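# Topology and contacts: notes
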Amino acid sequence: QLQNKILILTICSAGIGGTFQYGYNISIINAPASYIQRFMNTTWLERTGVPLDSNVILLLWSFTVSAYPLGGLTGAVVAGPMAIMLGRKVSLLLNNVFVIIAAALSGFSRMAKSFEMIMLSRFFTGVNAGVSMNIQPMYLAESAPKKLRGAVALTSASFTALGLVLGQVVGLRELLGEEESWPFLLASNVIPALIQLTALPWFPESPRYLLIDRGDKESCISALQKLRGTRDLSAELEEMLAEQAAVKGQRAKNPWELFQNPSLRWQLVSIVVLSSAMQLCGNDSMYFYAAYVFQEAGIPQDKVPYVVIGTGSCELITSVTCNMIIDYAGRRPLLLGGYIFMAGWAIVFMVALSQQTQISWMPYLSMACIFAYILSFGIGPAGVTGVLPTEIFDQMSRPAAYMICGSLLWFNLFLVGTAFPFIVKSLAHFCYIPFLVVCVCTALYVGLFLPETKGKSFLEISEEFKKRNFKTKTRAGFYMGPEEIKTTTL
């Protein structure tokens, strides 16, 4: 089973410096928030002799936090051209440069007495996450055998959840959560980057990229042999050659070309709906509420960080479970189930929040809702959304599709982060109504319009969407028919 070992090690090497960084860098910023704000104030006081107003500190902190999704958006935009020109593997390796720059900036920020370095560091960290969120699922899905494609591509979500949990653990007071160690906490993201730079060069490039984009059949066969071992590769190679023939003479598409192409209409609508829903469904906002709800349930404030680790662990457990069942259950049932359950839990959560002070056991129900909501998100939407662009777009459209996906993901993350405090202020306990609407609408879309992609080749999936994209035109053609016949008979 050596070939399976090679595939597993390729997954781990891509994941540790890839989507792991996204989860890790989202969670490590939470623990030192108050220390960094204090550092901003003392730095400004040393520079000017005047302390900062509390609103200005909050504004500077908001800039620091929002630099991450802004970097992510930049990373998502450059990921497409990188994947086409440099290849999937080289792009992932080069992507570590952004994290090394970020770690150097945040690690030396206190020594340099510059909080601007932290903002810049968060931007570069975001760029790294934006690139890896797009390229890693593409690289893994293109390297995996058809029957394991969903499970292999879905490991991206498992690594995100693992990063989230490890970030929460490393941020504990016992490790790097004390005031004097926050520069080391922020710079600790350099370790996964160094691991990937050491490990990934030993593994092959995506065979599909080598054959279809580069036209290098020898390298493709060599990569396939490394990944699959010596067993017969003729069927898989035949399928790839058919895909190569289907896109012969085409070049890699730009994002705006996808919008102009009628044969990609439903694929595009699907990824726009699902990528937007992934951030607009309110899962990240549950983390925002977690500390408050846990305190209301009577958990002492100094113990809350340990319970919050439980929320991250929930996402990790479900994404690993989803990994095991995606190629048996299929993509649609997991997405559909995830959004339906989230809609149900959103209603219960709002009722529980509104009765929090009236009924003694309500805080415990709110607490259960947080865990249930995160579990429902992890079992479907968290992982399947990242797999779909690889499956429903051909080789020439895939990088552009991921650019659109990634841009929407980061823009919506920024949007929710900015708008959620205002939603809470205006809707109070019923702040989950917008998220409930998103979950219901997405479940309806998946149930009515999204075809199943489990166990199908990329070419078969393309054919299925082609029928769907041109169905309306055919109907219109039949509708025009009788009028023409009438005129000929007359």
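As the structure is a computational prediction, the values presented were derived from the model and not from experiment. (Residues numbered from 1 in each chain as written. Predicted model: local features only at pLDDT ≥ 70, side-chain atom pairs only at ≥ 80, totals over all residues. Heavy atoms only, no water.)

## Side note on the overall build of the protein
Broken down by element type, the protein carries 24 helices and zero strands. Look at the contacts in the protein between residues 6 or more apart in sequence, and 83% of them connect residues 24 or more apart. Just so you have it, the protein exposes about 21200 Å², and 69% of that area is on carbon and sulfur atoms. Each charge class in the protein was averaged separately, 36 positive and 31 negative side chains, and the resulting centres sit 4 Å apart. (Helix = DSSP H or I, 4+ residues; strand = E, 2+ residues; numbered from the N terminus. Contact = heavy atoms within 4.5 Å. Areas by Shrake-Rupley, 256 points an atom, 1.4 Å probe, with all protein chains shown as cover. Lys, Arg positive; Asp, Glu negative; His and termini not counted. Charge placed at Lys NZ, Arg CZ, Asp CG, Glu CD.)

## Some words on the nonpolar core
Note that soluble globular proteins tend to have their nonpolar side chains buried in a common cluster. The biggest cluster of nonpolar side chains holds 68 residues, and the ones touching the most others in it are Tyr 339, Trp 410 and Tyr 432. Each of two domains, domain 1 (1-231) and domain 2 (253-470), supplies a minimum of three residues to this core. Beyond its immediate chain neighbours, meaning those up to four positions away, Tyr 339 contacts Leu 274, Ala 277, Met 278, Cys 281, Pro 381, Cys 439, Thr 442 and Ala 443. Judged by nonpolar contacts, the second largest core, of 40 residues, contains Ile 11, Met 82, Phe 115 and Val 152. (Core = buried A, V, L, I, M, F, W, Y, C linked by side-chain atoms within 4.5 Å. Buried < 20%, exposed > 50% of the residue type's maximum accessible area, 1.4 Å probe, protein only. Domains from an automatic or database assignment.)

## Some words on helix α4 (residues 54-85)
Between its first and last C-alpha, α4 extends 47 Å over 32 residues, near the 46 Å set by a 1.5 Å rise per residue. Of all bends in α4, the biggest is about 35°, found at Ala 79, and the proline Pro 81 comes one to four residues later. Positive backbone phi, at 95°, marks Gly 87, one or two positions downstream of α4. (Expected span 1.5 Å × (residues − 1). Bend = angle between axes of the 7 residues up to and from the residue.)

## Some remarks on the packing of aromatic side chains
The full count for this structure, using the stated rule, is 11 aromatic pairs. Measuring from ring centre to ring centre gives 5.9 Å for Phe 123 and Phe 124, while their planes differ by 70°; the resulting arrangement is edge-to-face. Among the aromatic residues, ring-to-ring pairing joins Phe 349, Tyr 373, Tyr 432 and Phe 435 into one connected group. When the ring centre of Tyr 68 is taken as origin, the NZ or CZ atom of Arg 122, which lies over that ring, is 4.6 Å away. (Phe/Tyr/Trp six-rings, centres within 6.5 Å; stacked < 30°, edge-to-face > 60°. Lys NZ or Arg CZ within 6 Å of the ring centre and 35° of its normal.)

## Points about the domain arrangement of the protein
Looking at the protein, the domain boundaries give domain 1 (1-231) and domain 2 (253-470). Between the C-alpha centres of domain 1 and domain 2 there is a distance of 21 Å. Facing 45 residues of domain 1, the contacting portion of domain 2 comprises 45 residues. Carbon and sulfur atoms make up 67% of the surface buried where domain 1 meets domain 2, a total of about 3600 Å² over both sides. Together, Arg 149, Leu 154 and Gln 168 form the three largest contributors to the area buried by domain 1 at its contact with domain 2, with a combined 17%. There are two salt bridges connecting domain 1 and domain 2. Glu 391 is the salt-bridge partner of Arg 149, the closest N and O atoms lying 2.9 Å from each other. The set of elements that each furnish at least two residues to the side of domain 1 that touches domain 2 consists of α4, α8 (116-143), α9 (149-170) and α12 (207-213). Considering every element that reaches the side of domain 1 that touches domain 2, the biggest residue donor is α9, with 14 residues. (Buried area = accessible area lost by both parts, 1.4 Å probe. Salt bridge = Lys/Arg side-chain N within 4 Å of Asp/Glu carboxyl O.)

## As for helix α11 (residues 190-199)
Since the α-helix turns once every 3.6 residues, residues separated by three or four places project in the same direction. The complete set of buried residues in α11 reads Pro 192, Ala 193 and Gln 196. Angular distribution of buried residues about the axis of α11 spans 100°; they occupy a single face of the element. For α11, exposure combined with an orientation more than 90 degrees from the buried face picks out Ile 191 and Thr 198. (Arc of directions from axis to C-beta.)

## Some thoughts on unusual backbone geometry
Here Lys 113, not a glycine, exhibits a phi torsion of approximately 50°, which is positive. Looking at the element boundaries, Lys 113 is found in the loop between α7 (109-112) and α8. By relative accessible area, which is 46% here, Lys 113 ends up partly exposed.

## Concerning the environment of Ser 121
Take Ser 121: it is sitting in helix α8. Separated by 53 residues in sequence, Ser 121 and Tyr 68 place their C-alpha atoms 8.7 Å apart. Not counting the four nearest positions on each side in its chain, Ser 121 is found in contact with Ala 102, Leu 105 and Ser 106.

## Here we look at the pattern of salt bridges
Evaluated as defined, the whole model comprises 11 salt bridges. Linking Lys 146 and Glu 239 is a salt bridge whose minimum nitrogen-to-oxygen distance equals 3.7 Å. Pair noted here: Lys 146 is in the loop between α8 and α9 and Glu 239 is in helix α14 (residues 234-246), with a separation of 93 residues, a long-range link. Salt bridges here are not isolated pairs; linked through shared partners, they connect Arg 88, Glu 142 and Arg 398.

## What to know about the side chain of Asn 323
Topologically, Asn 323 is positioned in helix α18 (residues 304-329). Not counting residues up to four positions away in its chain, the partners in contact with Asn 323 are Ala 151, Leu 154, Thr 155 and Ser 158.

## What to know about the environment of Ser 181
Counting through the fold element by element, Ser 181 comes out in the loop between α9 and α10 (182-187). Taking C-alpha positions, Ser 181 is 55 Å from Ala 242, a pair spaced 61 residues apart along the chain. Look past the residues within four positions of Ser 181 in its chain and what remains in contact with it is Leu 175 and Leu 176.

## A short note on a nonpolar patch on the surface
Residues Met 85, Leu 86, Val 90, Leu 94, Val 97 and Ile 101 make up a contiguous nonpolar surface patch of about 500 Å² in total accessible area. Elements with a minimum of two residues in the nonpolar patch: α5 (88-94) and α6 (96-107). Mapped onto the fold, Leu 86 is located in the loop between α4 and α5. (Patch = residues over 30% accessible without salt bridge, like charges linked within 9 Å, V, L, I, M, F, W, Y side chains within 5 Å.)

## Brief notes about the packing of α18 against helix α19 (residues 331-354)
Where α18 meets α19, the closest approach of the two axes is 7 Å, and the angle between their N-to-C directions is 120°. In terms of orientation, α18 lies oblique with respect to α19. Across from Cys 322, Ile 325, Ile 326, Asp 327 and Ala 329 in α18, the residues of α19 making contact are Arg 331, Pro 333 and Leu 334. For the contact of α18 with α19, the residue count by class is six nonpolar, no polar and two charged. (Axes fitted to C-alpha atoms, helices over the stretch in contact; angles between N-to-C directions. Parallel < 35°, antiparallel > 145°, perpendicular 65-115°, else oblique. Nonpolar A, V, L, I, M, F, W, Y, C, P; charged D, E, K, R; others polar.)

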